[in-house]
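# Observations on the three-dimensional arrangement
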Amino acid sequence: MAAPDPGDGAFAIEVDGTDQSPLGMPPADFLRDYWQKRPLLVRNAFAGYRSPIEPGDLAGLACEDGVLARIVRHDRQRDAWTLETGPFPEEKFPGMPDHDWTLLVQDVDKWDPDIAALLEHFGFLPRWRLDDIMVSFAAPGGSVGAHVDQYDVFLLQAHGHRRWQIDAGANPPTDFRDDVELKLLRRFHPSHDWVLGPGDMLYLPPGVPHHGVAEDACLTFSVGMRAPSSAELLGDYVDHVLAAADDSTRYQDPDLALPDDPARIDAAALDRVRQALDRLRTDPAALGDWFGRFITTYRNAVEVAPAPDLPTPAETGQALAAGLVLHRHPYSRMAWHGDGADTQLFANGEAWHLPQADARCLANARVLDAATVGALSPAGRACLDDLVQAGHFLLSGDGD
Ligand code: SIN
Ligand code: CO
């Protein structure tokens, strides 16, 4: 192991990965000491890593309808930044300069199963916390400027070299430049400066200023998280609660005492307001039901829809028996919640009550074969039929 950089107090900021752990430590230690707390550079997190995609594949993807792609260019002389959004025409890329630009494409895990396979290494996080893998290609000198993100990110260097500078200090300045379309930092004082090569990975919690500049033509994979703001949570939950609210649940004051001043709102009145709110918002079953629907919908760029030529449940059964498999739709998001018989499976905002074993199986499955489907209970099987009809699972070959 490299001599650890003392970093933040007792916590090394730089460690070496091992074959068993791309975090360079047991995942429980990472969660305790680094997750949402401090940055970590893991050298050789994925030793000998070879990118499953080439820059040309990324450029091709950036030309497809429905793909979220951006190009950021930097004019060094004027320190001017430009942002263009895709999809881009195919003629765009051969004409690009050989320096100082970056192409960024979101959700590449949804388009490329080899990129999606990387997510298997992040099983130490709840799956519903993971958002997407964004892939960037940068020509030498290419960068998106110094900035902060609101989400945790794991930046895996997949090809070539990128110089990362970060400010790991407490309370860094986070005011933005007002002369650029991008949210770039006005002031950036890096405390650490590293060059990452293939297989190295930098973890950043939200709010850590960072700046990555390509040393040579390079590919960087950003495994990004989802974290709804409290305002988004409250807004959606209130809508959900209001939809079922009973108008007779009201402010009540059977204990009313003579007011010392009839114009005053006293502390007892505010307690009663709190109670009136709590009567609507404190049912834990309702909270779980709402959150499962909310989080499996949140920040999902594409709606899952029934495939053309949907098989009937009987045809699905026959196809499975003949050796075909069901593949999960790349934009299908599932999670489960509850105990024992009172378990709910969520898929993109919809919910099913199921035995827990079925909910666990369906929520975790990327591929279902006849044996796995055969082990589902009748309720699980009926739910799977619904999921197939809604497009969450596609018979092998259907969705390619
Ligand atoms: C990049 O890949 O160029 C930018 C990633 C980031 O800074 O979050
Ligand atoms: Co960033």
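Every chain begins its residue count from 1, and numbering advances along the sequence as written. Going through the entries in the order they are written, you letter the chains from A and number the ligands from 1. Note on the predicted model: pLDDT of at least 70 is required for a residue's local features to be given, and 80 or more for side-chain atom pairs to be given and counted; whole-chain, interface and lining totals, by contrast, use all residues. Each side-chain value is derived from all of the structure's non-hydrogen atoms; neither hydrogens nor water enter the calculation.

### Looking at the pairing of strand 8 (residues 162-166)
Looking along a regular strand, one sees the side chains alternate between the two faces of the sheet. Throughout, exposure labels follow a simple rule: accessible area from a 1.4 Å probe, protein chains only, divided by the maximum for the residue type, with under 20% read as buried, over 50% as exposed, and the rest as partly exposed. Helical segments are the DSSP runs of H or I of at least four residues, strand segments are the runs of E of at least two, and each set is numbered from the N terminus. When you tally the buried positions in strand 8, you get four out of five residues, the bulk of the element. Criterion used throughout: strands pair if DSSP finds at least two bridges between them. Where strand 8 meets strand 9 (residues 192-196), five bridges bridge the pair, whose relative direction is antiparallel. Within the sheet, the bridge partner assigned to Q165 lies in strand 9 and is D193. As judged from the five bridges shared by strand 8 and strand 11 (residues 210-214), these two strands associate in the antiparallel manner. Within the sheet, the bridge partner assigned to Q165 lies in strand 11 and is H211.

### Details of the domain arrangement of the protein
What counts as a domain boundary in this text is fixed by an automatic or database domain assignment. The domain architecture assigned to the protein consists of domain 1 (14-225), domain 2 (230-283) and domain 3 (313-396). For domain 1 and domain 2, the distance between their C-alpha centroids amounts to 45 Å.

### Considering the pattern of salt bridges
For this analysis, a salt bridge means a side-chain nitrogen from Lys or Arg found within 4 Å of a carboxyl oxygen belonging to Asp or Glu. Across all of its chains, the model carries 25 salt bridges by this definition. Between D247 and R250 there is a salt bridge; the shortest N-O distance is 3.3 Å. Accessibility expressed as a relative area gives 47% for R250, which makes it partly exposed.

### Quick notes on the sheet that holds strand 14 (residues 334-339)
In space, the three strands of this open sheet follow the order 14-15-16, with antiparallel pairing throughout. Looking at strand neighbours, the two that pair on one side only are strand 14 and strand 16 (350-354), the edges of this open sheet. Neighbour-to-neighbour, the strand axes of the sheet open up by a mean angle of 20 degrees, direction not taken into account. In the sheet, strand 15 (residues 342-347) pairs with strand 16 via five bridges, with the strands oriented antiparallel. Pairing of L345 across the sheet is with W352, part of strand 16. Between two residues, a contact is recorded if the distance between any of their heavy atoms is within 4.5 Å. Between N-to-C directions, angles cover 0 to 180 degrees, with each direction set by a line fitted to C-alpha atoms, over the stretch in contact for helices. Packed onto the sheet, helix 9 (residues 356-364) meets strand 14, strand 15 and strand 16 and runs at close to 160 degrees relative to strand 14. Together, strand 14, strand 15 and strand 16 form the strand contacts of helix 11 (residues 378-390), whose direction differs from that of strand 16 by roughly 165 degrees.

### A few points about the site of ligand 1
The environment of ligand 1 is formed by L104, M134, S136, V144, H147, D149, L155, R162, W164, H210 and S222. Counting of polar contacts relies on pairs of N or O atoms within 3.5 Å, with two restrictions inside protein: one atom must be capable of donating a hydrogen and the other of accepting it, and residues adjacent in sequence are counted only when both atoms are side-chain atoms. Within the side chain of S136, a nitrogen or oxygen atom sits 2.7 Å from an oxygen atom of ligand 1. Between ligand 1 and R162, the relevant distance is 3.4 Å, taken from an oxygen atom to a side-chain nitrogen or oxygen of the residue. In isolation ligand 1 offers 260 Å² of accessible surface; the protein chains occlude 95% of this area. Detection works on a 1 Å grid of protein atoms alone, calling trapped sets that fit a 1.4 Å probe cavities and calling open sets with protein on both sides within 12 Å along at least five of seven lines pockets, with lining residues defined by an atom within 4 Å of a point. A molecule is counted as occupying a cavity or pocket when more than half of its atoms fall within 2 Å of that pocket's grid points. For ligand 1, the cavity whose grid points lie within 2 Å of the majority of its atoms is the second largest pocket. Of all the secondary-structure elements, those providing two or more residues to the shell around ligand 1 are strand 6 (130-138) and strand 8. Three classes are used: nonpolar for Ala, Val, Leu, Ile, Met, Phe, Trp, Tyr, Cys and Pro, charged for Asp, Glu, Lys and Arg, and polar for all others, with Gly counted as polar. Across the shell around ligand 1, the residue classes break down as five nonpolar, four polar and two charged. When at least one non-hydrogen atom of a residue lies within 4 Å of a molecule or strand, that residue is treated as near it. Here the Shrake-Rupley method, with its probe set to 1.4 Å, supplies the accessible areas, and only the displayed protein chains count as covering residues.

### Considering the nonpolar core
Within this scheme, the nonpolar core is defined by two criteria: the residues are buried Ala, Val, Leu, Ile, Met, Phe, Trp, Tyr or Cys, and they are joined through side-chain atoms within 4.5 Å. One finds F30, F93, L103, F154 and F221 to be the most contacted residues of the largest nonpolar core, which totals 48 residues. Every element with two or more residues in this core is listed here: strand 2 (40-43), helix 2 (55-61), strand 3 (69-75), strand 5 (101-105), strand 6, strand 7 (153-159), strand 10 (201-204) and strand 12 (218-225). Within the second largest apolar cluster, 21 residues are counted, among which are A319, L345, A363 and V388.

### Side note on the state of the cysteines
A pair of sulfur atoms, both from cysteines and within 2.5 Å, is called a disulfide here. A full pass over the atoms with the stated rule returns zero disulfides. You can see C218 has no disulfide; the closest cysteine sulfur is in C63, sitting 20 Å from it. With no disulfide of its own, C383 has C361 as its nearest cysteine by sulfur position, at a separation of 10 Å. By relative accessible area, which is 2% here, C383 ends up buried.

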